[in-house]
Amino acid sequence: MAKVKVTGSEAVILSLLEEGVDTIFGYPGGAIMPVYDALYDYDKKITHILTRHEQGAAHAAEGYARVTGRAGVCIATSGPGATNLITGIADAMIDSVPMVCITGQVSSPLLGTDAFQESDVVGISMPVTKWNYQITSPDEIPGVIAQAFYIAQTGRPGPVLIDITKDAQFGELEFEYKKCTKVRSYIPEIPVDPFQVKAAAELIDEAKKPLLLFGHGVIIANAEDELKAFVEKTGIPAAWTLLGLSALPSDHPLNVGMLGMHGNYGPNIKTNEADLIIAVGMRFDDRVTGKVSTYAKKARIIHIEIDPAEINKIIKTTVPVIGDAKKALKMLTQNVKANSHTEWVNEFRQADQVEYEKVIEKDLHPEKPGLTMGEVVRMVSEATGHDAILVTDVGQQQMIASRYFKFKRSKSNVTSGGLGTMGYALPASIGAQIAAPDRTVVAMIGDGGFQMTIQELGTIAQNKLPIKIVLLNNNFLGMVRQWQQLFFEKRYSFTELQNPDFIMIGKGFGIPGQKVDQRENLQAAIREMAEYPGPYLLEVVVEKEDNVFPMVPAGASVSEIMLEP
């Protein structure tokens, strides 16, 4: 691109265009106003989504990134605008979501003077960003933005933050853009070692009871086909973490369900019977392992992971395979022998039957008059042909939805994993819908999380996004209440909610909806929601003490999973 003289603020927009950015989520303010002024002339090339709060902009950028695999972009002003992004940035960091966050800052002569709306966002964000940088000269803008996108999207992805002083936005530069392809001392990906692959293949060929655990890294690496080819050649049962959900179709015969605290019975109890664990793109988080000292003691461990820092961090690895999951799985599939583990897989199916009788039958076909979360989730999944993008908030509805919503395609499950951010779903569904305008997006939210970012109904309405919002209302902070019931002698300390008329609030934003509290009305209401051409709010009143099982109690072994209270 030939050099042209522009302001720093216009250089920001031109740089984003060079990176192929088509959507920005943000909220204007004084210190970022020059960039917004420049954006005014480029509204035909970049869509700007005005959220109702900066946290909403960050989560919307996350939702966009999770569905597209490209960095989501959000923008905010200095001071409270910048600090309001932090929750979303921290969420993206722990879940390895690529984001480029741009904040305005007071003019450089005012830095450090406690000027109006000044905050040290670089210092504040340092623990929760992959990289951050403060720009004080307009000449830095193109190079820093190029580096930001490269760092955010390569290796183990993550959020980066660029803080730009107001004088740098007003200043002028000779604009020239060069995409970044290398940063000194930054090694995003280590080539897969064929000797590690060979050692792993030998363990796999010897194993009698192998179990594969796959996580978000498979989706990030676009390794879904390689995962499927590997499990089909080896016949190894495969279980998923919460963020790995949808990488393997729900109905695949070797998909044995979810791991962890509220995961399926089979993969949890069989973990401690397996003689080999193959972990792909997952980090052995505490929700998966339960009590670490008792975890998979009979098993040797193969860990396929792009980030060397995760190897041996929690679970000791027998054979590490460091590198990109797509490349590693392809090499591994070429090196292993074709096999089947029919008897071992059947043990998981027997465990499924136990779980069905103890838990699933009660969730999906309840005898009690009150509605259960499980039956609502399954009906919504069926009404959308098991082909929707599901965006969940955090809590009971998140766990129930991950258990009973079904998936045909990858990148269809968008949720907050590591940080567990209530208020995530509504704004994240905005980003997901913009990323996939031709797909149905369902936001599954509890009444507690809904009220944390309820203002984003305005963003949905203004942009006419046809998001289907399913509000599961039990008038409680449900997950906390469940723990209080089971472990704190039903001492429901400050978890009961006096809720507003949600349907009236939705209509106030111009979003139609209805409230259902009777089973005989549920199916018709879901069908009406699914067929409605625009955004729709369906509130379903569910049992107040409808709990999520199975459950691994905190500090317990995964083999101590509870099927009932």
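Whatever comes next refers back to the structure up there.
Note that the structure is predicted; figures quoted are calculated from it, not measured.

Draft legend 1. Here's a closer look at the pattern of salt bridges. One pass over the structure, following the stated rule, counts 24 salt bridges. Between Asp285 and Arg283 there is a salt bridge, with the nearest N and O atoms lying 3.5 Å from each other. Take Asp285: its relative accessible area is 17%, and that puts it in the buried class. On the basis of relative accessible area, Arg283 is assigned to the partly exposed category, the value being 23%. Residues joined in a network through salt bridges with shared partners are Arg156, Asp307, Glu310 and Lys313.

Draft legend 2. Spatial organisation of the packing of aromatic side chains. Under the defined criterion, the tally for this structure stands at 11 aromatic pairs. On the basis of an interplanar angle of 75° and a centroid distance of 6.0 Å, the ring pair of Phe284 and Tyr295 is categorised as edge-to-face. Residue Phe284 is found in the loop between β12 (276-280) and α13 (286-289), and its partner Tyr295 is found in the loop between α13 and β13 (300-305); the two are separated by 11 residues along the sequence. On the basis of relative accessible area, Phe284 is assigned to the buried category, the value being 2%. Taking relative accessible area as the criterion, Tyr295 reaches 4% and is therefore assigned buried. Sitting over the face of the ring of Phe476, Arg481 holds its NZ or CZ atom 5.8 Å from the ring centroid.

Draft legend 3. The arrangement of the packing of helix α9 (residues 194-206) against helix α14 (residues 325-335) in detail. Running from N to C, α9 and α14 cross one another at 55°; their axes reach a closest spacing of 9 Å. With respect to each other, α9 and α14 are oriented oblique. In the packing of α9 onto α14, the handedness of the crossing is right-handed. Contacts between α9 and α14 involve Pro194, Val197, Ala200, Ala201, Ile204 and Asp205 from the first element and Met331, Leu332 and Asn335 from the second. Split into classes, the residues belonging to the contact of α9 with α14 amount to 7 nonpolar, 1 polar and 1 charged.

Draft legend 4. Fine view of the side chain of Lys270. Its place among the elements puts Lys270 in helix α12 (residues 265-271). The buried category is assigned to Lys270, whose relative accessible area is 8%. In this structure Lys270 touches Trp344, Glu347 and Phe348, once residues within four positions along its chain are discounted.

Draft legend 5. Local environment of the layout of surface pockets. In this structure, the second largest pocket spans a volume of roughly 400 Å³. Elements with a minimum of two residues in the lining of the second largest pocket: β11 (255-258), α15 (342-364) and α17 (396-404). Here the lining of the second largest pocket takes 5 residues from α15, the largest share from any one element.

Draft legend 6. Just the nonpolar core, in detail. Leu212, Phe230, Ile278 and Ile302 are the most contacted members of the largest nonpolar core, which totals 79 residues. Discounting residues that sit within four places of it in the chain, Ile302 has contacts with Ala200, Leu203, Ile204, Leu276, Ile277, Ile278, Ala279, Val319 and Val321. Counting residues in hydrophobic clusters, the runner-up holds 49 residues, among them Ala58, Val128, Phe502 and Ile503.

Draft legend 7. Quick peek at empty space enclosed by the protein. The tally for this structure, following the rule as stated, stands at 1 cavity of 30 Å³ or more. In this structure, the largest cavity encloses a volume near 40 Å³. Every residue along the wall of the largest cavity is listed here: Arg66, His216, Ile219, Ser246, Lys411 and Asn413. The class makeup of the residues in the lining of the largest cavity is 1 nonpolar, 3 polar and 2 charged.

The rules behind each value
Residues numbered from 1 in each chain as written. Predicted model: local features only at pLDDT ≥ 70, side-chain atom pairs only at ≥ 80, totals over all residues. Heavy atoms only, no water. Salt bridge = Lys/Arg side-chain N within 4 Å of Asp/Glu carboxyl O. Buried < 20%, exposed > 50% of the residue type's maximum accessible area, 1.4 Å probe, protein only. Phe/Tyr/Trp six-rings, centres within 6.5 Å; stacked < 30°, edge-to-face > 60°. Helix = DSSP H or I, 4+ residues; strand = E, 2+ residues; numbered from the N terminus. Lys NZ or Arg CZ within 6 Å of the ring centre and 35° of its normal. Axes fitted to C-alpha atoms, helices over the stretch in contact; angles between N-to-C directions. Parallel < 35°, antiparallel > 145°, perpendicular 65-115°, else oblique. Left-handed = near helix turned anticlockwise from the far one by under 90°. Contact = heavy atoms within 4.5 Å. Nonpolar A, V, L, I, M, F, W, Y, C, P; charged D, E, K, R; others polar. 1 Å grid on protein atoms, 1.4 Å probe; cavity = no way out; pocket = protein on both sides within 12 Å on 5 of 7 lines; lining within 4 Å. Points joined across faces, edges and corners; volume = space filled by probe spheres on them. Core = buried A, V, L, I, M, F, W, Y, C linked by side-chain atoms within 4.5 Å.

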